Amino acid sequence: MKALSIVSLIWYVLIFLLIAVFLDGSQEGAEVAAVLGLLGGLYGLLFSILALIISSKRKKTPVNVHEQLLQLGDLKEKNIISEYEFDQKKEKLLSRYK
């Protein structure tokens, strides 16, 4: 998330420079603006790739709630965990499932 924020900030600076150079009005300014525009396009591609990578890492792995509840029940029956611990872990597990 931090990397995406940094990339966004750099994008805003690049756009500001592009506008400032374009408003100069000279022929040389137009050429510089064209180069900055191309850099902006490449930078947008980089930003999109980075956003896709970050979003793909955020996907949650499916949780087999039934199997984990059975394991918790076994631990409770064997007195490895208390009734209170069982209830806490069960609530946490069910909240992730919703």
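Just so we're clear, the structure is a prediction, and the values are computed from it rather than from any experiment.

**Student:** How do you make sense of the overall build of the protein when you look at a structure like this?
**Tutor:** The number of helices and strands found in the protein is four helices and zero strands. Taking all 98 residues of the protein together, the buried fraction comes to 15%. A fraction of 60% describes how many contacts in the protein between residues 6 or more apart in sequence connect residues 24 or more apart. Looking at the protein as shown, the accessible area adds up to about 8100 Å², and 65% of this sits on carbon and sulfur atoms.

**Student:** Teacher, can you tell me more about the packing of aromatic side chains here?
**Tutor:** What characterises a pair of aromatic rings is the spacing of the ring centres plus the angle enclosed by the ring planes. Going through the model one piece at a time under the given rule, you end up with zero aromatic pairs. Across the ring face of Phe-86, the terminal group of Lys-76 is positioned such that the distance to the ring centre comes to 4.4 Å.

**Student:** It is not clear to me how a nonpolar patch on the surface should be interpreted in this structure. Could you clarify?
**Tutor:** Together, Leu-9, Val-13, Phe-16 and Leu-17 line one region of the surface with nonpolar side chains, adding up to about 420 Å² of accessible area. Tracing the chain through its elements places Phe-16 in helix α1 (residues 2–22).

**Student:** Could you clarify how one ought to interpret helix α3 (residues 65–77) in this entry?
**Tutor:** It helps to recall that an α-helix has 3.6 residues per turn; residues three or four apart then point in one direction. The end-to-end C-alpha separation of α3 is 18 Å, in line with the 18 Å expected for 13 residues at 1.5 Å each. Every buried residue of α3 is listed here: Val-65, Leu-72 and Gly-73. Buried residues of α3, viewed axially, fall in a sector of 105°; they line one side. Residue Asn-79 follows α3 closely and has a positive phi angle near 60°.

**Student:** So what exactly am I meant to see when it comes to the pattern of salt bridges here?
**Tutor:** Pairing is possible between side chains that carry opposite charge, provided their charged atoms lie close to one another. One pass over the full model with this rule turns up one salt bridge. Its salt-bridge partner being Lys-76, residue Glu-83 comes within 3.5 Å of it at the nearest N-O pair.

**Student:** Where do I start with the environment of Ile-15 in this structure?
**Tutor:** Here Ile-15 shows up in helix α1. Taking relative accessible area as the criterion, Ile-15 reaches 28% and is therefore assigned partly exposed.

About the criteria used
- Residues numbered from 1 in each chain as written.
- Predicted model: local features only at pLDDT ≥ 70, side-chain atom pairs only at ≥ 80, totals over all residues.
- Heavy atoms only, no water.
- Helix = DSSP H or I, 4+ residues; strand = E, 2+ residues; numbered from the N terminus.
- Buried < 20%, exposed > 50% of the residue type's maximum accessible area, 1.4 Å probe, protein only.
- Contact = heavy atoms within 4.5 Å.
- Areas by Shrake-Rupley, 256 points an atom, 1.4 Å probe, with all protein chains shown as cover.
- Phe/Tyr/Trp six-rings, centres within 6.5 Å; stacked < 30°, edge-to-face > 60°.
- Lys NZ or Arg CZ within 6 Å of the ring centre and 35° of its normal.
- Patch = residues over 30% accessible without salt bridge, like charges linked within 9 Å, V, L, I, M, F, W, Y side chains within 5 Å.
- Salt bridge = Lys/Arg side-chain N within 4 Å of Asp/Glu carboxyl O.
- Expected span 1.5 Å × (residues − 1).
- Arc of directions from axis to C-beta.

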